[in-house]
Amino acid sequence: MNIRDALLEVHSKAQATMIANFVGDDQRLFDELMGLMLSPVYRISQRAAWPVRFCVERNSKLLKPYFGELIKQLEPGEAPVAVRRNVLRLMQFAEIPKQYAGRIFDACYKLVDDPKETVAIRVFALTVAAKLAEPSPELLDELRLLAAKYPQAATSGFRSRVKRVLGI
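What you see is a predicted model, and the numbers here were worked out from it, not measured in a lab. (Residues numbered from 1 in each chain as written. Predicted model: local features only at pLDDT ≥ 70, side-chain atom pairs only at ≥ 80, totals over all residues. Heavy atoms only, no water.)

**Student:** Now, about the packing of helix α9 (residues 137-147) against helix α10 (residues 156-166): what can you tell me, with residues and values included?
**Tutor:** To describe two helices that pack against each other, one gives the angle between their axes and the distance between the axes. In the contact formed by α9 and α10, the axes pass within 11 Å of each other and the chain directions differ by 165 degrees. Considering their axes alone, α9 and α10 lie roughly antiparallel with respect to each other. For the pair α9 and α10, the sense of crossing is left-handed. Counting all contacts with α9, which are made through L140, L143, R144 and A147, the residues of α10 involved are F158, V162 and L166. For the contact of α9 with α10, the per-class residue count stands at six nonpolar, no polar and one charged. (Axes fitted to C-alpha atoms, helices over the stretch in contact; angles between N-to-C directions. Helix = DSSP H or I, 4+ residues; strand = E, 2+ residues; numbered from the N terminus. Parallel < 35°, antiparallel > 145°, perpendicular 65-115°, else oblique. Left-handed = near helix turned anticlockwise from the far one by under 90°. Contact = heavy atoms within 4.5 Å. Nonpolar A, V, L, I, M, F, W, Y, C, P; charged D, E, K, R; others polar.)

In structure tokens, the structure reads:
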């Protein structure tokens, strides 16, 4: 199967699942798929994100070599909204290496702290930040304060996630 052609063929859950099943646990095929997700071509990048997510949900170890690159996608102006959203979605399922935890927490904190950011990005960033802050009550308290900072930007989805991940 040519993964790029399959991504362009049709955009559906069934197609994304088929691609993810083809990739399986094969790091070489996953590398090819990640290369497409990190591509500057928006349509390819967007469509590759879904099967990448399915692969990572099944085997988060596949993502390990990419954390340095994924952090760059979270920085301002680096990636389209769809890519940032999907990178954060992936990080919810992944075991984040300690060497990247601080940078990822900071990037997520900044995204949650931006009321102009999309709700999905803010929700996923909050989840990842809370996961990283779990061993540190001080960081969790900081996230709780941040979550209450912009009541006008707190949609029902955001409030629900705050309640679930921060217990408030």
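Further notes follow.
**Student:** Break down α9 for me, citing the residues and quoting the values.
**Tutor:** Listing the buried residues of α9 in full gives L140, L143, L146 and A147. The buried residues of α9 occupy an angular sector of 120 degrees when projected down its axis, which confines them to one face. Across from the buried face of α9, at angles greater than 90 degrees, the exposed residues are E138 and L145. Contact partners of the buried residues in α9: α7 (98-112), α8 (119-133) and α10. (Buried < 20%, exposed > 50% of the residue type's maximum accessible area, 1.4 Å probe, protein only. Arc of directions from axis to C-beta.)

**Student:** For the nonpolar core, give the residues involved together with the corresponding values.
**Tutor:** Grouped together as the largest cluster of nonpolar side chains are 60 residues, with contacts concentrated most on F30, L33, M37, L63, M91, I104 and L143. Ignoring sequence-local partners within four residues, the contact set of I104 consists of F67, I71, M91, I96, V128 and L132. (Core = buried A, V, L, I, M, F, W, Y, C linked by side-chain atoms within 4.5 Å.)

**Student:** Outline the side chain of R122, supporting the account with residue identities and numerical values.
**Tutor:** Position of R122 relative to the elements: it lies in helix α8. One buried charged residue, R122, remains without a salt bridge, the closest side chain of opposite sign being D114 at 6.7 Å. Within the local environment of R122, its side chain forms a polar contact with the backbone oxygen of D114, the two atoms lying 3.4 Å apart. (Lys, Arg positive; Asp, Glu negative; His and termini not counted. Salt bridge = Lys/Arg side-chain N within 4 Å of Asp/Glu carboxyl O. Polar contact = N/O pair within 3.5 Å; in protein donor to acceptor, adjacent residues only side chain to side chain.)

**Student:** How would you explain the pattern of salt bridges if you had to name every residue and give the values?
**Tutor:** Between side chains of opposite charge, a pair can form as their charged atoms come close. Using the criterion set out here, one finds six salt bridges in the structure. With its nearest N and O atoms 3.0 Å apart, the salt bridge here joins R144 to D141. Of this pair, R144 and D141 both sit in helix α9, separated by three residues, roughly a single helical turn.

Geometric descriptors of this kind do not, in isolation, establish any biological role.
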